Structures are given as structure tokens and as C-alpha cells.
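Letter by letter, the chains look like this.
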Amino acid sequence: MLAAEGIGGNAIIDDDLLNEVTGLVEWPMAVLGSFEQRFLEVPPECLISAMKGHQKYFHLLDKDGDLMPNFITVSNIESRNPDYVRKGNERVIRPRLTDADFFWNQDRKQKLEDRIDSLMTVVFQQKLGTLHEKSRRVAALAARIAEAISAEPAHATRAALLAKCDLMTDMVNEFPELQGIMGRYYAQHDGEPDEVSLALDEQYMPRFAGDQLPRTGTGQALAVADKLDTLVGIFGIGQVPSGDKDPFALRRAALGALRVIIEQKLDIDLEEMLEHAAKAHDGLFDNDQVVSQVFDFMMGRLKAYYHDAGVAPDTFEAVLTQRPTRPLDFDARLKAVTAFRQMTEADSLAAANKRISNILKKTDEVIPTQIATALLHEDAEQALHQQVQAISVTVTPLFAARDYEQALKQLAGLRQVVDTFFDEVMVMADDADLRANRLALLKNLRNLFLQVADLSQLQG
């Protein structure tokens, strides 16, 4: 850090690189080096990859956050001639930067769109075809997602067709970690719309846990579409992750897609989009269960996601039981149930839901859909019926607006009348009509709560 500060710079310490360098040296001595200013015309990510990947150098940024023509290397000896060590490292890095400069200039001689056909030569997966075929599938799905989130379908289609083209460039061949990043630079150079250019980088987001998410609508549509296409395709041919084996990183793809949808508030139907993805694979595999398999797999990743966020497992199961197919809707329900559990009425109403669920499961009687008010003999059942009717009017628009938290607050007001009903009314009466009417009343009550979650899943 002192070496960097001496020239007004800030050394960027990558933890993984620091650990690697620490393991390579016993007597660490920082050496400040430099390279020609002209190399800064190359995208900084390329220079940084060359310095970090090949030479284990730390790069420097100036006060504006721009890359400086300097680096810091760590020598394994306190040299009597540090200038000799510095010049040696400067001499070694120069060919690497020269290569990056050459690749940058050479790649730009051919537009990304002119590389589309070359994707026909690259196999994505033997049974699922080439990257060219995958790009076509992703383009169709990305356009649907873009339309659903009020983004521009044409931009999503264009971005998907160009998305893998930078894999055919010399720069990405030399520095694979720059895929997407170079696509953005080359697309900008080609004059592609900003949304399309940015999407080529954003398609891979999040690249790791805690990574940033795509901000543009086109990037969001492309990122989700690409991941769903991979999930459906690999599941379709039976390559399901097992144990530690996940060669296609399907767990990361599933969680990444869910993070984009939920955290960027994309109101899309996951099951519907999986069905579109499956149709795009028509003829490539014979698996009519692939949509439900991928959906269930993604729900498993979603459970881990919320567990890491501190959500109780039974809260998650209460929502999952209702199988909301829109992750954003799932999130709203989950937050509502979490808030509901903090209320004093929660335990009592959860117990009541569990009791009602058990009663309804055990009966094989046909339960009427309408309540016969003439059969409401007891004051407690009359009171419950009246309040269920009244509160239904209040919560129905809340359900429609997905204001589940407010809906549950309203339903919490039923606690007293529900407790009184179970204290004073015999549900399984000997009279068949009376029994059926009371079962219908309980079913109506339970159906109100089920529009949010199955509270019978909650543990005390």
C-alpha cells in the first residue's frame, strides 16, 4: 500500500490473489513497476487479467478509479538491486500486454454479428446442439421475458443472438474470464444499442454469490432466459445434479435466475417461462416432466436462498405448499407470513388452521360450496359465518393487489371468533346436514388463509 500511495495510487488487493502470492513467497518485498501509457487504450479488464492471471501482479487505480500504468509485484527476496528486479518484471509483463493490445485491435476488425454463424461449430452439449442453436432458443425466450417485464423484445432478441459471439474472439480465447465483458466492448464498438451492449455483459450476472445483478431490462431478460434454457435442456436429457456433481453449474444457474427475478422485482411466471423453454427444445429429448422437475429443483435452491436470509423453514414450507409460480409473488407471501408470525394471534390461528386441515382430511363427505344459514344453530357458528363473510369482502382486493401482509393482519382479527367456535361448537355433529354445513364453514375459513399460505405448516 505504501508503494502505491507513493505515486498517488490505490493498490487493489484481490483476496484470492493475495492468498496465492502469500503461498509463493517466504520473504515478501513489494516492488513497484510500470508499463507504457499506450496500453491504457486497451480495456482495463484485459490488462488486469494479464497482470493478475499471468504474472500475479496487483494493479493500481488513481483517485478517479481509473487504471494506472503501474503494478505491484511481490519479490521473494530483499534485493540489493531493486531496480534490476523492477526492470525484469516490466520486461516480462510487456509481451502479455502487447498480446492484449493485438487481440483488442484484431478482434474489432470483425463485427460480432459476423461471428454468429461460427457458433455452429461449437457444441454446447452433444444432445442439445451447438451454441448457435442455443442462442436461437434463448432469443425466443428472452423476447417473451422482455415483453412480460415491459422491456424491448427486439433488443432482447438481438442481445441473445450476439451473446456468445465473443467466445469466438482471440481475446476471450486467451482470457476466458472476460466472456461477456468483451462482448460489451465489441458491441459498443459495432454501434449496437446501449441496452444490447450492456446485456452481453449482464447475461452472466450474478457470476458468484453476492455479485451484482443486471440492471437493464434487456440484460435481465437475457440473464434469466439463458439460465432457464440451460436448466431445462440439461434436466431434459437426464443430467440432474447429484451430490457434489454439477458439471453445468445448474445450482448456480437456478439461484442466479431466482435472484434476478426476485431482487430486481420481475413479475414473471416461472412455470410459464419453463414451459416455453421446454417447447423450444422440441425433439431434443423425451421428458414430459421436465418443467415440474426444474421448477421443483429451483424451489429447492429458493429454500436455501431464504434460509441464508434467516427465514424459518416452516415459513417457507407454508408458502411452498400453495405453489406460487411467480417468484416475486412467493417473496411477497413469505414476507407476509414472516410478519404475521410476530403477531400475538399467530400461534392460535396457526393451530386452528392445523385443526381444520386435519378435520377436512379425515372426512370423505361431500362438502357443500354454499353455507345454509338456516342450519347455523349455535351463536358461535353464526358469529363466525358473519365475520368470515364480512372479512372476505375486505381481503379480496388485498389478495388481488398481493398485499398479503395487510390481508393477514385483517384475518388475524378472526382469532377470537375462531377460538369461541371451537370451544362451543361440535363440528362433527350426528346430524349429517348440520355436520356438512359446519365443515363448509371451516373450509371457507381455511380457503381465506390459503390464498396466502398454508398456516397449518407453521410450528408453534
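Quick caveat, the model's predicted, so the values are computed rather than measured.

(A) Inspection of the pairing of strand β4 (residues 67-75) at higher detail. Counted residue by residue, β4 has 8 buried out of 9 residues, so it is predominantly covered. Of the strand pairs in this sheet, strand β2 (residues 29-34) and β4 are connected by 6 bridges, and their pairing is antiparallel. By the bridge assignment, A30 is partnered in β4 with V74. Where strand β3 (residues 58-61) and β4 come together, 3 bridges link them in antiparallel fashion. Within β4, the residue paired with L61 across the bridge is L67. Linking β3 to β4, which pair antiparallel, is a turn of 5 residues; within it G65 sits at a positive phi near 85°.

(B) Up close: the nonpolar core. Counting residues in hydrophobic clusters, the biggest one holds 134 residues, and the most contacted among them are L228 and L231. In contact with L231, other than residues within four places in its own chain, are L250, A253, A254, V294, F297 and M298. Membership of the second largest hydrophobic core comes to 7 residues, among which are L17, V21, L60 and I72.

(C) Structural context of the pattern of salt bridges. This model, assessed by the stated rule, comprises 31 salt bridges. Note that D314 is salt-bridged to R341, the shortest N-O span being 2.8 Å. In this pair, D314 is assigned in helix α14 (residues 313-320) and R341 in the loop between α15 (327-340) and α16 (346-362), connecting sequence segments 27 residues apart. Where E381 meets R438, a salt bridge forms, and the shortest distance between an N and an O atom there is 3.0 Å. With E381 in helix α17 (residues 379-400) and R438 in helix α20 (residues 432-450), the pair connects residues that are 57 residues apart, well separated along the chain. Judged by its relative accessible area of 0%, E381 is buried. Judged by relative accessible area, which is 4%, R438 ranks as buried. Through salt bridges with shared partners, one network takes in K134, R137, K164, D226 and D229.

About the cut-offs
Residues numbered from 1 in each chain as written. Predicted model: local features only at pLDDT ≥ 70, side-chain atom pairs only at ≥ 80, totals over all residues. Heavy atoms only, no water. Buried < 20%, exposed > 50% of the residue type's maximum accessible area, 1.4 Å probe, protein only. Helix = DSSP H or I, 4+ residues; strand = E, 2+ residues; numbered from the N terminus. Pairing = 2+ DSSP bridges. Core = buried A, V, L, I, M, F, W, Y, C linked by side-chain atoms within 4.5 Å. Contact = heavy atoms within 4.5 Å. Salt bridge = Lys/Arg side-chain N within 4 Å of Asp/Glu carboxyl O.

This is a description of form; function is not addressed.
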